[in-house]
Amino acid sequence: MPSLNVPFTDEELEGVRAAAAAEGKSLKQYLHDLGVREMQRKQFIAGASSWSDRLRDEFDDAFPDEVPPSQRPGGSAAA
């Protein structure tokens, strides 16, 4: 299985070790989970953004007062 050697300053490593201990994990497991969580977060954000883009017109029609003036048909930027 692939592995990484990641350099940290002494202060950074101390902070990462403390964070791992606070979660009750080994340093290795903590760093692994951190990378996986970030990947999942990015996938979630992309999915949520796509979902909101698909529903934006429907939402704007249902709640016209929530559409920023600059994005309303015939609207302009705030003065």
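Residues numbered from 1 in each chain as written. Predicted model: local features only at pLDDT ≥ 70, side-chain atom pairs only at ≥ 80, totals over all residues. Heavy atoms only, no water.

Before going further, it helps to examine helix H1 (residues 10-22). Compared with an ideal rise of 1.5 Å per residue, which puts 13 residues at 18 Å, H1 spans 18 Å between its outermost C-alpha atoms and is within 8% of the ideal. In the stretch just after H1, Gly 24 is the one whose phi turns positive, near 70°. (Helix = DSSP H or I, 4+ residues; strand = E, 2+ residues; numbered from the N terminus. Expected span 1.5 Å × (residues − 1).)

In this section: the pattern of salt bridges. When charged atoms on two side chains of opposite charge get close, those side chains can pair. All chains considered together, the criterion is met by 4 salt bridges. As a salt-bridge pair, Glu 38 and Arg 41 come within 2.8 Å of each other at their nearest N and O atoms. Highlighted residues: Glu 38 and Arg 41, both in helix H2 (residues 27-62), separated by 3 residues, approximately one helical turn. Residues participating in the shared-partner salt-bridge network are Glu 23, Lys 25 and Asp 33. (Salt bridge = Lys/Arg side-chain N within 4 Å of Asp/Glu carboxyl O.)

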